[in-house]
Amino acid sequence: GQNIDQPTEMTATEGAIVQINCTYQTSGFNGLFWYQQHAGEAPTFLSYNVLDGLEEKGRFSSFLSRSKGYSYLLLKELQMKDSASYLCAVRENTNAGKSTFGDGTTLTVKP
Amino acid sequence: GAVVSQHPSRVICKSGTSVKIECRSLDFQATTMFWYRQFPKQSLMLMATSNEGSKATYEQGVEKDKFLINHASLTLSTLTVTSAHPEDSSFYICSARDLSASPLHFGNGTRLTVT
């Protein structure tokens, strides 16, 4: 099975940088995903890591260390619209490849 | 990009009735779709894995006779909540992948309210 931990809430200032951490314990790993979810809406894909290292996509970057069971999502130049819940999800190394989600980190961006 | 359409977006029903939710992959074929449920301020909980042409695989604690899943084609999976009760009120979301290594693409979700 999977066990995923991430902080419940974070607050940051517009224009700043924030790092959201995620640790996981898994019996079979086939990738770690970050999704953004605004209240009342479905999640949208942000970033994906399957190998160790940093993946950069514009203002968003994600890092993975498989040996440490650790990932983070880095958001730069924060905007008010970045206020949302950020979900860390680990995909199993099985045919079905189902994903287990962490409880999410609610980020509040303040002016 | 891959698009998943989910319908209806919102439904209110009376206790004891059944509700069907449809999930379609619009521009790709999905042999596997996933159904999640999300209660307020909580994360997504996987209910079941829907497999085209075969029975769904349910997660522990999810009643297969209450949450009927049918994956009749490579682009359509349906979830039927049978004999709904107020505690079934939740946000139901389906998802699918177009390629085995790609991220999940989510439908817009269905907010079910049982009165």
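Heads up: the structure comes first, above all this text.
Residues numbered from 1 in each chain as written. Chains lettered and ligands numbered in written order. Predicted model: local features only at pLDDT ≥ 70, side-chain atom pairs only at ≥ 80, totals over all residues. Heavy atoms only, no water.

J.: Just to check I follow, could you spell out the state of the cysteines for this structure?
T.: Note: disulfide means a covalent bond formed between the sulfur atoms of two cysteine side chains. Scanning the entire structure with this criterion turns up two disulfides over all chains. With a sulfur-sulfur separation of 2.0 Å, Cys22 of chain A is cross-linked through a disulfide to Cys88 of chain A. Taking the torsion about the S-S bond as the criterion, the Cys22 of chain A to Cys88 of chain A disulfide, at about -70°, is left-handed. Taken together, the positions of Cys22 of chain A in strand E3 (residues 18-26) and Cys88 of chain A in strand E9 (residues 84-91) put the pair 66 residues apart, joining distant regions of the chain. Exposure class is identical for Cys22 of chain A and Cys88 of chain A. Each is buried. For Cys23 of chain B, the disulfide goes to Cys94 of chain B, at an S-S distance of 2.0 Å. The chirality of the disulfide connecting Cys23 of chain B with Cys94 of chain B is right-handed, given an S-S dihedral of about 80°. Placement of Cys23 of chain B in strand E3 (residues 19-25) and of Cys94 of chain B in strand E9 (residues 90-96) is noted, with a sequence separation of 71 residues between them. (Disulfide = S-S within 2.5 Å. Helix = DSSP H or I, 4+ residues; strand = E, 2+ residues; numbered from the N terminus. Buried < 20%, exposed > 50% of the residue type's maximum accessible area, 1.4 Å probe, protein only.)

J.: What should I look at first to understand the packing of aromatic side chains in this one?
T.: All chains considered together, the criterion is met by 14 aromatic pairs over all chains. Consider the rings of Phe101 of chain A and Tyr36 of chain B, whose centres lie 5.3 Å apart with planes at 90°: the pair is edge-to-face. In this pair, Phe101 of chain A sits in strand E10 (residues 99-101) while Tyr36 of chain B sits in strand E4 (residues 32-38), so the two residues belong to two different chains. Under the relative-accessibility criterion, Phe101 of chain A is labelled buried at 7%. A relative accessible area of 1% places Tyr36 of chain B in the buried class. (Phe/Tyr/Trp six-rings, centres within 6.5 Å; stacked < 30°, edge-to-face > 60°.)

J.: Just checking my understanding: could you explain the interface of chain B and chain A for this structure?
T.: Many authors give the size of an interface as the accessible area that is lost as the parts come together. Taken together, the contacts link 21 residues of chain B with 18 residues of chain A. If you sort the residues of chain B by the area they bury against chain A, Ser43, Pro103 and Phe106 of chain B come out on top, with a joint share of 30%. Counting every contact that joins chain B to chain A gives one salt bridge. Across the salt bridge formed by Lys98 of chain A and Glu59 of chain B, the nearest N and O atoms sit 2.7 Å from each other. No other element matches E4 of chain B, which puts four residues into the side of chain B that touches chain A. Counted by class, the side of chain B that touches chain A contains 10 nonpolar, eight polar and three charged residues. (Contact = heavy atoms within 4.5 Å. Buried area = accessible area lost by both parts, 1.4 Å probe. Salt bridge = Lys/Arg side-chain N within 4 Å of Asp/Glu carboxyl O. Nonpolar A, V, L, I, M, F, W, Y, C, P; charged D, E, K, R; others polar.)

J.: Looking at this model, I keep getting lost on the sheet that holds E3 of chain A. Mind explaining?
T.: Strands in a sheet are paired, the pairing made by backbone hydrogen bonds, and the direction either parallel or antiparallel. Residue and element names in this part refer to chain A. With respect to topology, five strands assemble into an open sheet ordered E1-E3-E8-E7-E6, the strand pairing being antiparallel. Because the sheet does not close on itself, it has two edges, and the strands there are strand E1 (2-5) and strand E6 (53-57). Each adjacent strand pair in this sheet contributes to an overall mean axis angle of 15°, direction not counted. Two elements, E1 and E3, share four bridges in a ladder whose sense is antiparallel. (Pairing = 2+ DSSP bridges. Axes fitted to C-alpha atoms, helices over the stretch in contact; angles between N-to-C directions.)

J.: Even after reading the chapter, I still don't get the sheet that holds strand E1 (residues 4-7) of chain B, so can you show me in this structure?
T.: Residues and elements named next belong to chain B. Spatially, E1-E3-E8-E7 is the arrangement adopted by the four strands of the open sheet, whose pairing is antiparallel. Looking at strand neighbours, the two that pair on one side only are E1 and strand E7 (67-73), the edges of this open sheet. Taken pair by pair, the neighbouring strands of this sheet meet at an average axis angle of 15°, ignoring direction. Looking at chain direction, E7 and strand E8 (residues 76-81) are connected through five bridges and run antiparallel.

J.: Would you mind showing me how to read the side chain of Thr110 of chain B here?
T.: Residue and element names in this part refer to chain B. Summarising the element assignment, Thr110 is placed in strand E11 (residues 110-114). Using a relative accessible area of 0% as the deciding quantity, one classes Thr110 as buried. Of the polar contacts made by the side chain of Thr110, one reaches the backbone oxygen of Pro8; its length is 2.5 Å. With residues near it in sequence (within four places) discarded, Thr110 still touches Gln6, His7, Pro8, Ser9, Val11, Ile21, Ser90, Phe91 and Tyr92. (Polar contact = N/O pair within 3.5 Å; in protein donor to acceptor, adjacent residues only side chain to side chain.)

J.: Which parts of the structure should I look at to understand the pairing of strand E11 (residues 105-110) of chain A?
T.: Each regular strand displays side chains that alternate between the two surfaces of the sheet. All names here are of chain A. Side chains Thr105, Leu107 and Val109 of E11 all project onto a buried face; the interleaved residues Thr106, Thr108 and Lys110 project onto a face where none is buried. Where strand E2 (residues 9-13) meets E11, five bridges bridge the pair, whose relative direction is parallel. When the bridges of E11 are listed, Met10 appears paired with Leu107. Examined bridge by bridge, E9 and E11 share three bridges and lie antiparallel to one another.

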